Every structure is written in structure tokens, then in C-alpha cells.
Protein chains: 2
Amino acid sequence: MQTEKTEIRLGVVGLSWRGSFLLGELLGIPGVRPYAMCDLYADRAEGGADIAQRAGFERPPVFADYREMLEKVPLDAVLISCGWTAHLPVARAAMKAGVYVGMEVGGATSVQECFELVRLSEETGVPCMLLENCCYGRDEMAVLNMAKKGVFGEIVHCGCGYLHDLRDEICLGRENRHYRLDNYLCRNGENYPTHGIGPAAKLLGINRGNRFLSLVSFASKARGLQDWVKHRLPADHPLAGRTFNQGDVVTTLLRCANGETVQCTLSTCSPRPYSRAGLVQGTRAMWAEEGRQFHLDGKTPPHEREAFDPYRDEYEHPLWAEYRRLGVHEAGHDGMDYLCLSAFVESVKRGVQPPIDVYDTATWMAITALSEESIALGGAPVAFPDFTSGAWICREPAPESKYALDRVCEGLFQ
Amino acid sequence: MQTEKTEIRLGVVGLSWRGSFLLGELLGIPGVRPYAMCDLYADRAEGGADIAQRAGFERPPVFADYREMLEKVPLDAVLISCGWTAHLPVARAAMKAGVYVGMEVGGATSVQECFELVRLSEETGVPCMLLENCCYGRDEMAVLNMAKKGVFGEIVHCGCGYLHDLRDEICLGRENRHYRLDNYLCRNGENYPTHGIGPAAKLLGINRGNRFLSLVSFASKARGLQDWVKHRLPADHPLAGRTFNQGDVVTTLLRCANGETVQCTLSTCSPRPYSRAGLVQGTRAMWAEEGRQFHLDGKTPPHEREAFDPYRDEYEHPLWAEYRRLGVHEAGHDGMDYLCLSAFVESVKRGVQPPIDVYDTATWMAITALSEESIALGGAPVAFPDFTSGAWICREPAPESKYALDRVCEGLFQ
């Protein structure tokens, strides 16, 4: 059995605001050592080195080219937090170099590159974890706990999504050197599925006894960003009068092998409250994030709603109960970032598959490419690839993952 | 110009609980005279006659066959409140007899029968109104008023649905002589679209400058009813062990000619709170029924939600303001039944097209048949027929409808 590493030599690719934040969190986890910083922008790479130095480590070398970084610096793990379309090329290069991959969320541009990720992981034995923090959300984990305890009865339908007014972040992409802008100008699809789909997929046992069979996507017209540019930016701004290809609201429906349906909504171009639109409908109970509602058959008065919080407290996931006892790192999206990163670090230290593995990663990211295809085809259903090559039929949590159950990466397997 | 009728000779087809309730409400509207009661069940037909008699009218004749009723009794209008699949045959017969049709909600079994309804109305000049009470809901009308005043900016997406735990009503269909049961045993589709689609279609100007282009539907597995039967009915009940074809949750996405998308959800087989899941997303504001939320760009703090009620009060529809002043008939679904029936009666009295006309009726009801088709085809998009034969391009509120603006059937044209 592999000895557990006490130290992890970490490289970071992509040191924007988000990458820098994640680096800071990672350096707070025992054993993580910053070994290399990489960004196309020199100031950002140096900024990463500054963070490492300020945290008391030796100043790591900086790179503009991730291939050079992987060639010159011996690493155990890499955090990928660059623009969406670079995630998978960097991940492939890291795997080829034998470096454990932790990848910020985003979607894929093709099914092909998702398959390439899976094959490389299978061939090299190098794991890849999508750092889907929302799988570690307190509500999501309580709901997962309820599902495992049978509170919902048989689950028939889930809802999820990413509803976040990002108009300023998108439209100020040039000023902020943010990749979202170009994606919104050019593409049209469910470009950010994993915050919603991740927790839903874990709940439904996707890739472990269940799988997505097909999906359809409809995109509304694109109006919100153009309207924002018109009213908030100077008339001579480069975006003035530009049209965006990305529809304001993209709705995707997925069908599962076991008969469940999943609805996933993307709404990032409109004024609205933040939501991940979580919904679980079973034969015995319903949870809805909107309105923080719960309904338990036989207990809640028929047709009525109860507040979710008392149920959340009753079914608090053990991981969260322990986390709250130890002290929540609230800076990272109400604490879920820290749990997610801790699961990654633990998996790397132990040399085991992470709780969100390469099949999950490929499956969740593929939704973006499949959604673009369906929209391009007028809402036609597109077949969902089986990235496990049939292994989903009998796949159980791997033994090495079960080994981690008493530690932080347990939750998603329980 | 046609003289306004002071009296309406009314026939009723279908006198279940709902039909009887509507009859009672109608008899409370000045000028409505009960002339004939019809139901396949003699006790129900007689029950209708009892209601009429108790309300102080001469006891009307009763019939088992609507054709016989239409042949023997001179009528101005008919209320159709029988089982779903009989709505359109009865409506066609009434139109052929020159009798103004008011039809309870439900869905169609084919596009063909929707076209037949439209052609018969065009050829005979007899109007047909779907009695979609939810178009007269207080919230829905306030939101319509906001939309007309531009509060939402440009609307890009709407959500709606019918989420109502009907497990007992469906499963006790034999005992209660209710048509829903057989539909749930045999069919699989969005069988009750109009409560959600009606208000959304009015908001989006469907058939008046806009139209539905296509839809897709996904149905979840069917588990809720079987589970309910197993746990709530005796082991020797005829439904024990029966499977239902109707999926527990059916999600339908529609695309409009002007680029909006609409999501419509049917959830009637699961324990959950009642909701019509109303949602309007525009470039300047969002309304969501779930959680009774509102967000107004530039006023609501970014990413936050405000309570809807103060906005509802500020933008109260004039019809509802007047209705509240005069006294709301709360017995009929918080008052909206009375408004809807009043609009019907007024339209009949004046001999004008109703605010929900035959094109609306056909369009909204067709969703059921189209949804069944899409589900049968694995979620394939199906083309939405243009029941107006192109008239939607230039169609404005008809002059005779504008005439009614100061009265109860105004709202939906304003």
C-alpha cells in the first residue's frame, strides 16, 4: 500500500482573482507547498509567487508556459484555474507528466476532449478531480444525506442551475482580462453546468449504477448583455453595438438510465437573485432551494410548504457537522471551497482516486458541448456518451475511496 | 351593432364537483338563466337542476346526451366541464348549433382536433373561450400589468406550470367517477398546460405578434401513483399493482418566434406544495412565484431578492383593484373563477369575441398533444402549428374586444 505523502509539491496554472484565492486556501492546508506559478500574464504569475512568499514559503519560480513548468519543476499536483477552454489541454499535459490534476469548474468544447481526458487518466493512472465546490455546499450535502437515508423515497426529478447576474463581470472582460466575455460573444450553450449538475449527479448515482442518456437544450434570445453595455458603458466602448451569441437563459433537460429527469438552468445575463435552483422531487418528499422549501409526505400538511432549515439541521451531513465544530472557512463560498480543496489535497496525499473522479469530470463538463450541439440543432435530443465504457453498470465506490471515509473526502461517496 | 343581450340561456355539460361549482358561480352573475343540464350520470345532471332550482330558477330539463340537449333546447351559451377528452367533441357540436362555447381547461389529444375547433369557429362565426381562470389570478394580472408598463424591460424567458399533489384525486378516480385516472393510466405528456401557459402566452403576445415555434418534452419515470396506491389503498383494490404511463414530472420547453423561451412543468403525482411556478425574466426585472420573489434592476441590491407583495400592490391590475373594491368572490380559487366567468358572460351578452379566443384555446390545448408526441419521440422537438394561418403577424386586439375594456373582460387585452 502506498505511503501517504506528508508534503505536496503544488503548481498553479491561472492566477486570476479566483486562482489566487484558491492558492491562498490551499496553502492553509497542512502539507501543501507552492512549487511553481504559471500564468500567461507575468504580473499574475508574480502575484501568485507573492502569495506563496507572504505565506512563509520560499518564493516559487514563475512561468508563462505550463508545458515548461511541467518539464522543469517536479510536481505532485497542479491546480488549473485558467480560462475555460484551456482547462482540458493543461489537464492532459499534467497527466502526461504524471501530475495529479485539480481543475476549476467550467465546460468542455467537445465530447472528444472529454474522452481524451478519460483515456489519458486510464492510461497514465493519473487521477483528475473537478473542483466542484458546490458538491460540498451545506444544503447540497444535507440533501444528499437525506437521499441516502431514504427521506425522498424514490427520486424522480431534480432541478439545478447557475443563476447569477454576471453582466458586469462578463462585459468588463477586456478590462479585467476575463475569459468569460469571448465565450459569451461566440458560443451559445449551457456554459457552466457543473455547479448544479455536480450535486445532482452525486444524488442520482451517475456513473455508479446510473448514467445520463440524452439531453436537450433551448436558449432564449440574447438581450441582457447588449442592454447592459448600452446603459452602463461609454458609447465608444469596443463592445458598444456588439451582439452576443450566448442566449440569456439556457434550459437543459437530461434523461437518466434509471428514468429520472434533470432540469438545469443557466441564467447569467439578467438582473436576478443568485440561486442554484436546487430541487429534488421524490415519492416521499420535496426540497426546493427557491423559497427554501421542504415538503415531507405525511408530515407537512398537504399542498403546503415548510421551511427547509429545521430539516437541514436534522439531516446535517456528518462532514458539515464536524466542519462546523472545527470552524468553517467562510471566505470560500460559505465554506464549501475549503472542503472541496481539502478533499483534493487528501486524495493527492494518499495517492487515491478523488471523490469527483475523471468520469464525473468528463460527464459534467460534456454537458456544455452537448448543449451547444442541441441548441445548434434546434433543440434536438443528443445522445450522452458513456465515458465509463459500461463500467457504470457495476461501479461502486472504489476501495481506496472508502479508505478516506473518515476524513474530509468522504461525503460524496457515502 | 349588435344589441347587448340582457339574458343568457345557459346549458351545462358535465356536472361533477367542478361543473356544479361553476354553475353556482354563473347563476350569481346577472342575466344568466339555467336552461339545460347534461351529464352521462343522471344523478349529476339532476344535481345541476337542483342547484338551478335552489337558486330560484325554474327547474331546467336534464339530458344524458349533449347532442340531444343542443337539438331540443334553444341556448345562447354552453359551459363544458366534462372529462378532458370530451371537451372538444362537445365544443364542436355546440358551435355547429350556434351556441357560444365556454370550456373548462384541459388538453387536446391531437393537433387535428384543435384545427377542427378553429375552422368550425371561423366557418360558423361562433366564438369559443377556454375558461382559463389563472389568466385572472391576482399575481398573474399584476405581472401582466408590469409587463405592459415595461417594468421587465424586454422579456426573454418565462416559467410556469401546474404543481399540485393530485395523488388522491387521481387514484380515487373510480370511486369519484373522475376522468383523470384513465388519462394517467394510459397517456404520458403535459396533460394540464393551460394554467401556466395561459398567463405566459398573454404576457408574450402569443397569436398577436408572436407565436410558439416548437417544443420538447421530457417525462420522468412514473412512481408516485403506484407508491400511493400501494400504501393508501387496500391490497385488493383494482389499481393494486397497476402501472401508470404518465410520468411523475413532465418538463416542456417552448420556443417563440420572437426568441423567448418558456418552461412549463407538470408535477401532479408527488408530495409537494402547490405552485404554478410562475417566472418572468426580463432585461430589467425578474418575478418568481416560488419564494414570492422580485428583483428590480438598479433598485434591488445586486444578487438579492425582495418580497413580491409590495410590487404586486404597486402594480395591482386595475381590474383587480376594482374587484377588491367591490368584493372578491374568494370561493372560486381566490376569486379568479368569478372574473373569468364574468368575462365569458359579458362576451356572450355582447356577442363579441372573448378575451381568450378560439386561437388561444387551440394553441394552449395543443401543447398536450405536442408534448405526448415529443415524449414518444424521445424528446425530439416538434413543430408548433400556426392556428391563426399567419394572422398572428398583424393581429391586434379586435375592436369589439377593446369596447369591453371598461368592463370585466378587459384585462387580458390591455
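This text follows the structure it describes.
All of the points below concern the structure found in this document. Fair warning: this is a prediction, and the values are worked out from it, not measured in the lab. (Residues numbered from 1 in each chain as written. Chains lettered and ligands numbered in written order. Predicted model: local features only at pLDDT ≥ 70, side-chain atom pairs only at ≥ 80, totals over all residues. Heavy atoms only, no water.)

## Describing the overall build of chain A
Then, in step 1: Helix and strand counts for chain A stand at 16 helices and 15 strands.
Then, in step 2: In terms of overall size, chain A behaves like a compact globule, its C-alpha atoms giving a radius of gyration of 21 Å where 414 residues would be expected to give roughly 22 Å.
Then, in step 3: Each of the three principal axes of chain A carries a C-alpha extent, and together these read 65 × 60 × 40 Å.
Then, in step 4: When burial is assessed residue by residue, chain A has 65% of its 414 residues classed as buried. (Helix = DSSP H or I, 4+ residues; strand = E, 2+ residues; numbered from the N terminus. Rg over C-alpha atoms; globule rule 2.2 N^0.38 Å. Buried < 20%, exposed > 50% of the residue type's maximum accessible area, 1.4 Å probe, protein only.)

## Observations regarding the pairing of strand β1 (residues 8–13) of chain A
All names here are of chain A.
Then, in step 1: The buried fraction of β1 amounts to 5 of the 6 residues, a majority that puts the element mostly inside the structure.
Then, in step 2: Judged from the 6 bridges that link them, β1 and strand β2 (residues 32–38) form a sheet pairing that is parallel. For glycine 11, the partnering residue across the bridge sits in β2 and is alanine 36.
Then, in step 3: Running through helix α1 (residues 17–27), the crossover from β1 to the neighbouring parallel element β2 is right-handed.
Then, in step 4: Judged from the 4 bridges that link them, β1 and strand β4 (residues 77–80) form a sheet pairing that is parallel. By the bridge assignment, valine 13 is partnered in β4 with isoleucine 80. (Pairing = 2+ DSSP bridges. Right-handed = clockwise from strand over helix to strand, strands pointing away.)

## Here we look at the sheet that holds strand β13 (residues 293–296) of chain B
All names here are of chain B.
Then, in step 1: Here 9 strands make up an open sheet; going across it, the order is β14-β13-β12-β11-β7-β10-β9-β8-β15 and the pairing mixed. Each edge of the open sheet is held by one strand with a lone partner, namely β14 (306–307) and β15 (382–383).
Then, in step 2: Contacts from helix α15 (residues 358–376) reach β8 (212–219), β9 (249–256) and β15 within the one sheet, and its direction differs from that of β8 by about 50°. (Contact = heavy atoms within 4.5 Å. Axes fitted to C-alpha atoms, helices over the stretch in contact; angles between N-to-C directions.)

## What to know about the packing of aromatic side chains
Residues and elements named next belong to chain A.
Then, in step 1: On inspection of all chains with the given rule, the structure shows 28 aromatic pairs over all chains.
Then, in step 2: With a centroid separation of 5.0 Å and an interplanar angle of 65°, the aromatic rings of tryptophan 320 and tyrosine 323 are classed as edge-to-face. Here the residue tryptophan 320 and the residue tyrosine 323 both occupy positions in helix α13 (residues 318–326), the gap between them amounting to 3 residues, near one helical turn.
Then, in step 3: Every member of this aromatic cluster is reached through a ring pair, and the members are Trp84, Tyr162, Tyr179, Tyr192 and Tyr274.
Then, in step 4: The ring of tyrosine 66 has arginine 67 sitting right over it, with the charged end atom 4.9 Å from the ring centre.
Then, in step 5: Here arginine 177 stacks its cationic end above the ring of tyrosine 41, 4.2 Å away from the centre of that ring. (Phe/Tyr/Trp six-rings, centres within 6.5 Å; stacked < 30°, edge-to-face > 60°. Lys NZ or Arg CZ within 6 Å of the ring centre and 35° of its normal.)

## A closer look at the interface of chain B and chain A
Then, in step 1: On the chain A side, the residues contacting the 55 residues of chain B number 55 residues.
Then, in step 2: Across the interface of chain B and chain A, roughly 4,500 Å² is buried in total on both sides, 56% from carbon and sulfur atoms.
Then, in step 3: Counting the surface chain B buries against chain A, the share from its top three residues, Phe218, Lys221 and His303 of chain B, is 15%.
Then, in step 4: The tally of links between chain B and chain A comes to 12 salt bridges.
Then, in step 5: Linking chain B with chain A are 27 residue pairs in polar contact (both at pLDDT 80 or more), by the criterion used here.
Then, in step 6: Taken together, the elements giving at least two residues each to the side of chain B that touches chain A come down to β7 (155–163), β8, α11 (224–232), β9, β10 (261–267), β11 (279–282), β12 (285–288) and β13 of chain B.
Then, in step 7: Grouping the amino acids of the side of chain B that touches chain A by side-chain chemistry returns 16 nonpolar, 23 polar and 16 charged. (Buried area = accessible area lost by both parts, 1.4 Å probe. Salt bridge = Lys/Arg side-chain N within 4 Å of Asp/Glu carboxyl O. Polar contact = N/O pair within 3.5 Å; in protein donor to acceptor, adjacent residues only side chain to side chain. Nonpolar A, V, L, I, M, F, W, Y, C, P; charged D, E, K, R; others polar.)

## Structural notes on the pattern of salt bridges
Residues and elements named next belong to chain A.
Then, in step 1: This structure, assessed with the given rule, holds 74 salt bridges over all chains.
Then, in step 2: Between aspartate 337 and arginine 18 there is a salt bridge, and its shortest N-O distance comes to 2.9 Å. Taken together, the residues span a long stretch of sequence, with aspartate 337 in helix α14 (residues 336–350) and arginine 18 in helix α1 at a distance of 319 residues.
Then, in step 3: Arginine 18 gets classed as buried once you look at its relative accessible area, which sits at 17%.
Then, in step 4: In this structure, aspartate 313 engages arginine 312 in a salt bridge whose closest nitrogen and oxygen atoms are separated by 3.4 Å.
Then, in step 5: Look at aspartate 313 and you get partly exposed, because its relative accessible area is 46%.
Then, in step 6: Within the structure, one salt-bridge network assembled from shared partners comprises Arg138, Asp139, Arg292, Asp309, Arg312, Asp313, Glu316 and Arg324.

## As for the sheet that holds strand β13 (residues 293–296) of chain A
Residues and elements named next belong to chain A.
Then, in step 1: On the basis of which strands lie adjacent, the open sheet formed by 9 strands has the order β14-β13-β12-β11-β7-β10-β9-β8-β15 and mixed pairing. Each edge of the sheet is formed by a strand with only one pairing partner; in this case those strands are β14 (306–307) and β15 (382–383).
Then, in step 2: In terms of strand pairing, strand β7 (residues 155–163) meets strand β10 (residues 261–267) through 7 bridges, oriented parallel. Bridge pairing in β10 places leucine 163 opposite serine 267.
Then, in step 3: Where helix α15 (residues 358–376) meets the sheet, its contacts fall on β8 (212–219), β9 (249–256) and β15, and the angle it forms with β8 comes to roughly 50°.

## Some remarks on the pairing of β8 of chain A
All names here are of chain A.
Then, in step 1: Among the 8 residues of β8, 7 are classified as buried, and the element is accordingly described as predominantly covered.
Then, in step 2: Strand direction decides the pairing type here: β8 and β9, joined by 7 bridges, are antiparallel. Across the sheet, valine 216 pairs through a bridge with leucine 253, a residue of β9.
Then, in step 3: Taken together, the 2 bridges between β8 and β15 define a ladder with antiparallel strand orientation. Note on β15: the bridge partner recorded for leucine 215 is valine 382.

## Structural notes on helix α4 (residues 84–96) of chain A
Three or four residues apart is the spacing at which side chains of an α-helix point the same way, because the helix has 3.6 residues per turn.
Then, in step 1: Looking at α4 of chain A, one finds that the buried residues are Trp84, His87, Leu88, Val90, Ala91, Arg92, Ala93, Ala94 and Met95 of chain A.
Then, in step 2: Two residues or fewer past α4 of chain A, glycine 98 of chain A is found with a positive phi of approximately 80°.

## Points about the packing of helix α6 (residues 138–148) of chain B against helix α10 (residues 194–204) of chain B
Residue and element names in this part refer to chain B.
Then, in step 1: Packing of α6 against α10 leaves a shortest axis separation of 10 Å and a crossing angle of 15°. Classified by the angle between their axes, α6 and α10 sit roughly parallel to one another. The hand of the α6/α10 crossing is right-handed. Counting all contacts with α6, which are made through Glu140, Val143, Leu144, Ala147 and Lys148, the residues of α10 involved are Pro199, Lys202 and Leu203.
Then, in step 2: Tallied by class, residues from the contact of α6 with α10 come to 5 nonpolar, no polar and 3 charged. (Parallel < 35°, antiparallel > 145°, perpendicular 65-115°, else oblique. Left-handed = near helix turned anticlockwise from the far one by under 90°.)

## As for the relation of the copies chain B and chain A
Then, in step 1: Mapping chain B onto chain A calls for a screw motion: a turn of 180° about the axis and a shift of 0.0 Å along it, with 0.0 Å RMSD after fitting. Interpreted geometrically, this transformation is the action of a two-fold axis. No C-alpha of chain B approaches the rotation axis more nearly than that of glycine 291 of chain B, which lies at 1.9 Å.
Then, in step 2: Of all interface residues in chain B, 100% are interface residues in chain A too; the two copies therefore contact each other through one and the same surface. (Least-squares fit on C-alpha atoms with pLDDT ≥ 70 in both.)

## Here we look at the environment of glycine 107 of chain B
Residues and elements named next belong to chain B.
Then, in step 1: Among the secondary structure elements, glycine 107 is positioned in the loop between β5 (100–103) and α5 (111–124).
Then, in step 2: Among the residues examined, glycine 107 registers a relative accessible area of 4% and is labelled buried.
Then, in step 3: Those residues in contact with glycine 107 that lie beyond four places of it in its chain are Trp84, Asn191, Met365 and Thr368.

## What to know about the environment of alanine 380 of chain B
Then, in step 1: Along the chain, alanine 380 of chain B turns up in the loop between α15 and β15.
Then, in step 2: When its relative accessible area of 17% is taken as the criterion, alanine 380 of chain B is described as buried.
Then, in step 3: For the pair formed by alanine 380 of chain B and serine 217 of chain B, sequence separation is 163 residues and the distance between their alpha carbons is 7.8 Å.
Then, in step 4: The contacts of alanine 380 of chain B, once residues within four sequence positions are left out, are Pro381 of chain A together with Leu215, Val216 and Ser374 of chain B.

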